[in-house]
Amino acid sequence: MAPRKRGGRGISFIFCCFRNSDHPEITYRLRNDSNFALQTMEPALPMPPVEELDVMFSELVDELDLTDKHREAMFALPAEKKWQIYCSKKKDQEENKGATSWPEFYIDQLNSMAARKSLLALEKEEEEERSKTIESLKTALRTKPMRFVTRFIDLDGLSCILNFLKTMDYETSESRIHTSLIGCIKALMNNSQGRAHVLAHSESINVIAQSLSTENIKTKVAVLEILGAVCLVPGGHKKVLQAMLHYQKYASERTRFQTLINDLDKSTGRYRDEVSLKTAIMSFINAVLSQGAGVESLDFRLHLRYEFLMLGIQPVIDKLREHENSTLDRHLDFFEMLRNEDELEFAKRFELVHIDTKSATQMFELTRKRLTHSEAYPHFMSILHHCLQMPYKRSGNTVQYWLLLDRIIQQIVIQNDKGQDPDSTPLENFNIKNVVRMLVNENEVKQWKEQAEKMRKEHNELQQKLEKKERECDAKTQEKEEMMQTLNKMKEKLEKETTEHKQVKQQVADLTAQLHELSRNKLEGTVWTEIDDTKVFKILDLEDLERTFSAYQRQQKEADAIDDTLSSKLKVKELSVIDGRRAQNCNILLSRLKLSNDEIKRAILTMDEQEDLPKDMLEQLLKFVPEKSDIDLLEEHRHELDRMAKADRFLFEMSRINHYQQRLQSLYFKKKFAERVAEVKPKVEAIRSGSEEVFRSSALKQLLEVVLAFGNYMNKGQRGNAYGFKISSLNKIADTKSSIDKNITLLHYLITIVENKYPSVLNLNEELRDIPQAAKVNMTELDKEISTLRSGLKAVETELEYQKSQPPQPGDKFVSVVSQFITVASFSFSDVEDLLAEAKDLFTKAVKHFGEEAGKIQPDEFFGIFDQFLQAVSEAKQENENMRKKKEEEERRARMEAQLKEQRERERKMRKAKENSEESGEFDDLVSALRSGEVFDKDLSKLKRNRKRITNQMTDSSRERPITKLNF
């Protein structure tokens, strides 16, 4: 009888997605047992006709889910062999019949387990039964016929597994059940149909990634193996990146991949589990970096690797070397070699051998050099300018602005020619909603919406009020016109009625006199002759009587009310005689000053004892000193002071101050004096100290001695035996290149000699620490500043003498305050002048000390030569150090590659000797190759060849100084 084969596949094949160039060979896997004998498999039934056999065999092959080449190999078998395989397969199926042979059984079990989430209430036997059921499903997905897998997919068994994974509690997630569920997904992906179904599911990879939150190492390893293998499948790489982004939100990570780096750095004390997990993490990281868009795009690899480097993976990798595990070391070597290769290729863009991405200065200089004299340079400067203006608060959310800028630049760098983004972290399609959502949280957006709505309502209300006021204004205008018409009519009527009143009053008086005469005649002998009403007039309030019973009272009140209303609405027109623009600017100044004219006047007379006038306001006030033409015009209208505009009245009142302009200039000079002295004094000190340093520096003297020796030796037979050289020649040393290596200059060689033979010269920067400041001083400008101080001080003294000759005024403190200021300021200025004279003497002495002509060289030129030389020396020292490190790195790489070569050779021999290992399917082969690092073998060889080629090219063509140690 033929040997029993594993898994219901009928026979064993060697499947590997990487080896598809050779024709597959159909073989039996036999146990290495001396007592085992191969027996001939005799079918129990007679073989049917060939046509019928082909149909039956075709159904069997379809169930095996083979690739096209393997199917061809199967159909090429003889008819007898086909019949034997078919009978063996059918016999296995008969033996395995039962309830567990149907997907429905497992799906019901999964749903039941998911409904009962917690393991706390379960007995140990129940937990074991659950674990066995899931393990049985994993085995069935691997070994059952293809129709089992198809049926499981059709019944949405994958969603049942994912639902179980999403809803399990902590105890279940840390148990073997979790590991078995991940194993079920892995088994389902072990055939093309199941793998396609898993990848097509909307949340399968995200849910698998969520399992990284468990503390169970076996589960983590299984998850990482699946994710790493999916990176190698077409279309799977971006899904994995999206899944890691999903996990970042799920696990509340600060950044993507944070959990992986933490696990990589964590020590558990269990060597085997620890190495297994860290190997799985490194294999996953290498797959993420080298697959997908990373196969072709250097920028994408640099982009992703920078994420890991920012999380601190490099120190962790250095620590992982201590485990001394060959498989782990293989993954570490691939990571470092790929990184070195990418950095070398990236540096080649700038004609360098290495770029220090930790140095902000170097990266800025490279960007600046690349963009200088290009159309992009103004935009680059604009970006830098606005970056300086970007808000930043340690406790605020302003870091989101920088995050946005970072991600926009990432988007630009890594997107392809079609604008597609191979990653999921940067901004996608520059959607402005995503931008806003990134900048602010939902609460801030809600607040913004509320504020916008509030502002919209306020705007509408203001618009309505404006329209209402316009209507009211029109009505008032019309009402005023009508009122004026009414008033004119009432005045005419009043005048007419007044005339009539006078006439009537005269008539009444005449009639009264006549009546009085008549009445007197008639009243003789009556009581009326005894009554004198004139006595009552003396007692009565006749005005009150007239006001109370006047016939014309109403009309007079209306006229008075109208007159009062009109007079209140009439405004007195302001008087302004100075230029309109000058008046407007003066009003703006006065509104900013927020002082009355009396307060300004008092401040000027008291020389601003209370510090009411800031320096910038005084500078502005000097621009509005009343001119003679202004004063003449204002004097003509001095009797209309109350009608004068604000600016006119200010200028008029200031013009009344004796020597207003001179007082103001003196006050401004007094306030600015200390500031100007503080600006001048450091410049003078820089020249003085710089002159002393170059004169006394023993390190500089020793260095000049070495340079002179170099020059005399190199010019021997031509201009040799020189006794000295121009100091400007110091900066030409860097232009002298080696005849052996054009990247090595005489300055590199000089630094090497100095470090080995004259270590005291290395203190040159310390002895000449003030040279950079002295190189910035322009003597012409300095003399001009000193002259300005001298003339200003003289002007204040002249004004002081004038004010002393004037009679004192109340509140005028100019003489007392300025006298005290002149005493102090004169002493300070004398000190500066003495210091300047000393600095000039020392500078002349230093210039002559180096054989230069004192009158023909300025401090900025003289000290600038030394400053430029010191910068070149510092750069050359750093480059020499980089060269030394680079050489050590190349030596380490060579040793590492030799070890890799030996390791690969040993593993190749081990793989060749291991011929009786168990069969595994396509996805299992993928995971196995990823775990061992075999999948990167071809890349390692390619990287080795590229490294040699690029190194040779850079040796011939690089225009930058190399980063290899000098061996003179």
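Rules and cut-offs
Residues numbered from 1 in each chain as written. Predicted model: local features only at pLDDT ≥ 70, side-chain atom pairs only at ≥ 80, totals over all residues. Heavy atoms only, no water. Helix = DSSP H or I, 4+ residues; strand = E, 2+ residues; numbered from the N terminus. Buried < 20%, exposed > 50% of the residue type's maximum accessible area, 1.4 Å probe, protein only. Areas by Shrake-Rupley, 256 points an atom, 1.4 Å probe, with all protein chains shown as cover. Polar contact = N/O pair within 3.5 Å; in protein donor to acceptor, adjacent residues only side chain to side chain. Contact = heavy atoms within 4.5 Å. 1 Å grid on protein atoms, 1.4 Å probe; cavity = no way out; pocket = protein on both sides within 12 Å on 5 of 7 lines; lining within 4 Å. Points joined across faces, edges and corners; volume = space filled by probe spheres on them. Nonpolar A, V, L, I, M, F, W, Y, C, P; charged D, E, K, R; others polar. Phe/Tyr/Trp six-rings, centres within 6.5 Å; stacked < 30°, edge-to-face > 60°. Salt bridge = Lys/Arg side-chain N within 4 Å of Asp/Glu carboxyl O. Axes fitted to C-alpha atoms, helices over the stretch in contact; angles between N-to-C directions. Parallel < 35°, antiparallel > 145°, perpendicular 65-115°, else oblique. Left-handed = near helix turned anticlockwise from the far one by under 90°. Expected span 1.5 Å × (residues − 1). Core = buried A, V, L, I, M, F, W, Y, C linked by side-chain atoms within 4.5 Å. Domains from an automatic or database assignment. Patch = residues over 30% accessible without salt bridge, like charges linked within 9 Å, V, L, I, M, F, W, Y side chains within 5 Å. pLDDT = per-residue confidence, 0-100.

### Structural notes on the overall build of the protein chain
Next up, step 1: Along the backbone of the protein chain there are 41 helices and zero strands.
Next up, step 2: Per-residue burial over the protein chain gives 39% buried out of 968 residues.
Next up, step 3: Entry remark: accessible area of the protein chain is about 58500 Å², with carbon and sulfur atoms responsible for 51%.

### Quick word on the environment of Lys845
Next up, step 1: Its location among the elements puts Lys845 in helix H38 (residues 814-849).
Next up, step 2: Take Lys845: its relative accessible area is 46%, and that puts it in the partly exposed class.
Next up, step 3: In this structure, the C-alpha to C-alpha distance between Lys845 and Ser691, residues 154 residues apart in sequence, is 8.0 Å.

### Some points on the side chain of Ser697
Next up, step 1: Tracing the chain through its elements places Ser697 in the loop between helix H32 (660-696) and helix H33 (698-714).
Next up, step 2: Residue classification places Ser697 among the buried residues on the basis of a relative accessible area of 6%.
Next up, step 3: Here the side chain of Ser697 touches Glu767 through a polar contact of 2.6 Å, side chain to side chain.
Next up, step 4: Apart from residues lying up to four places away in sequence, Ser697 is in contact with Leu764, Glu767 and Leu768.

### Brief notes about empty space enclosed by the protein
The method is simple in principle: a probe with the dimensions of a water molecule rolls over the atoms, and the space it marks as empty is what remains.
Next up, step 1: If you walk through the whole model with that rule in mind, you get three cavities of 30 Å³ or more.
Next up, step 2: Of the pockets and cavities examined, the largest cavity occupies roughly 90 Å³.
Next up, step 3: Lining of the largest cavity is provided by Leu703, Ile751, Val754, Val761, Leu762, Leu764, Asn765, Val873 and Lys877.
Next up, step 4: Of all elements in the fold, only helix H34 (746-757), helix H35 (764-767) and helix H39 (859-913) reach the threshold of two or more residues within the lining of the largest cavity.
Next up, step 5: Of the residues in the lining of the largest cavity, the class split is seven nonpolar, one polar and one charged.

### A closer look at the packing of aromatic side chains
Within a pair of aromatic rings, the relevant descriptors are the distance that separates the centres and the angle that separates the planes.
Next up, step 1: Per the stated rule, a full pass over the model turns up 16 aromatic pairs.
Next up, step 2: Between Tyr377 and Phe380, the aromatic rings sit 6.2 Å apart at their centres with planes inclined by 45°, giving tilted as the arrangement. Of this pair, Tyr377 and Phe380 both sit in helix H20 (residues 377-389), three residues apart, which is roughly one turn of that helix.
Next up, step 3: Taken together, the ring pairs connect Phe843, Phe850, Phe862, Phe863 and Phe866 into an aromatic cluster.

### Some remarks on the pattern of salt bridges
Next up, step 1: Inspection of every chain in the model, using the stated rule, returns 35 salt bridges.
Next up, step 2: Across the salt bridge formed by Asp342 and Arg301, the nearest N and O atoms sit 2.9 Å from each other. In this pair, Asp342 is assigned in helix H18 (residues 326-348) and Arg301 in helix H16 (residues 298-310), connecting sequence segments 41 residues apart.
Next up, step 3: The exposure class of Asp342 is buried, given its relative accessible area of 1%.
Next up, step 4: For Arg301, a relative accessible area of 9% translates into the label buried.
Next up, step 5: In this structure, the salt-bridge partner of Glu888 is Arg884, at a minimum N-O distance of 2.7 Å.

### Details of the packing of H32 against H38
Next up, step 1: Between H32 and H38, the least distance of the axes is 9 Å, while the angle of their chain directions is 20°. When the axis of H32 is compared with that of H38, the two are roughly parallel. Crossing geometry of H32 relative to H38 is assigned as left-handed.
Next up, step 2: In the contact of H32 with H38, the residues fall into 20 nonpolar, four polar and nine charged.

### Some thoughts on helix H9 (residues 176-188)
Next up, step 1: A rise of 1.5 Å per residue sets the reference length of H9, with its 13 residues, at 18 Å; its end C-alpha atoms lie 18 Å apart and thus fit the reference within 8%.
Next up, step 2: When we look at burial in H9, the residues that qualify are Ile177, His178, Ser180, Leu181, Ile182, Gly183, Cys184, Ile185, Lys186, Ala187 and Leu188.

### Looking at unusual backbone geometry
Backbone geometry follows two general trends: most residues other than glycine have a negative phi, and most peptide bonds adopt the trans configuration.
Next up, step 1: With phi around 55°, Ser252 is a residue other than glycine that occupies positive phi space.
Next up, step 2: With respect to the element layout, Ser252 can be found in the loop between helix H13 (236-250) and helix H14 (258-265).
Next up, step 3: Its relative accessible area of 65% is what places Ser252 among the exposed residues.
Next up, step 4: Despite not being glycine, His659 has its phi angle at roughly 55°, a positive value.
Next up, step 5: Looking at the secondary structure, you find His659 in the loop between helix H31 (646-655) and H32.

### Some remarks on the nonpolar core
Next up, step 1: The biggest cluster of nonpolar side chains holds 93 residues, and the ones touching the most others in it are Phe650, Val694, Leu747, Leu750, Phe862, Phe863 and Phe866.
Next up, step 2: The biggest single contributor to this core is H38, with 14 residues.
Next up, step 3: Two domains each provide a minimum of three residues to this core, namely domain 4 (573-656) and domain 5 (679-876).
Next up, step 4: Core analysis: the next-biggest nonpolar cluster, separate from the first, contains 86 residues, Ile107, Ala209, Leu338 and Val927 among them.

### Side note on helix H19 (residues 360-371)
Next up, step 1: If you check H19, its first and last C-alpha atoms are 17 Å apart, about what 12 residues at 1.5 Å a residue would give, namely 16 Å.
Next up, step 2: Positioned one or two residues after H19, His373 has a phi angle of 65°, which is positive.

### Quick notes on the side chain of Ser666
Next up, step 1: Relative to the helices and strands, Ser666 is located in helix H32.
Next up, step 2: Setting aside anything within four residues of it in sequence, one finds Ser666 in contact with Met607, Val796, Glu799 and Phe814.

### Overview of a nonpolar patch on the surface
Next up, step 1: On the surface, a nonpolar cluster with roughly 390 Å² of combined accessible area is contributed by Tyr392, Val399, Tyr401 and Trp402.
Next up, step 2: Structurally, Tyr401 is set in helix H21 (residues 399-414).
Next up, step 3: Residue classification places Tyr401 among the partly exposed residues on the basis of a relative accessible area of 35%.

### A short note on the confidence of the model for the protein chain
Next up, step 1: For the protein chain, the mean per-residue pLDDT works out to 75, and 75% of the residues sit at or above 70.
Next up, step 2: Model confidence for the protein chain, summarised as mean pLDDT per element, is weakest for helix H22 (residues 432-439) at 45 and strongest for helix H11 (residues 204-210) at 92.
Next up, step 3: Segment residues 428-440: pLDDT under 50, and 20 contacts once partners within four positions in sequence are set aside and those in other chains are kept.

### A word on the packing of helix H4 (residues 103-115) against helix H7 (residues 157-167)
Next up, step 1: Remark: H4 packs on H7, axes separated minimally by 9 Å, with the N-to-C direction vectors making an angle of 20°. Relative to H7, the element H4 is oriented roughly parallel. Between H4 and H7 the crossing geometry is left-handed. Judged by residue contacts, Ile107, Leu110, Asn111, Met113 and Ala114 of H4 engage Gly157, Cys160, Ile161, Asn163, Phe164 and Thr167 from H7.
Next up, step 2: Of the residues belonging to the contact of H4 with H7, the class tally is seven nonpolar, four polar and no charged.

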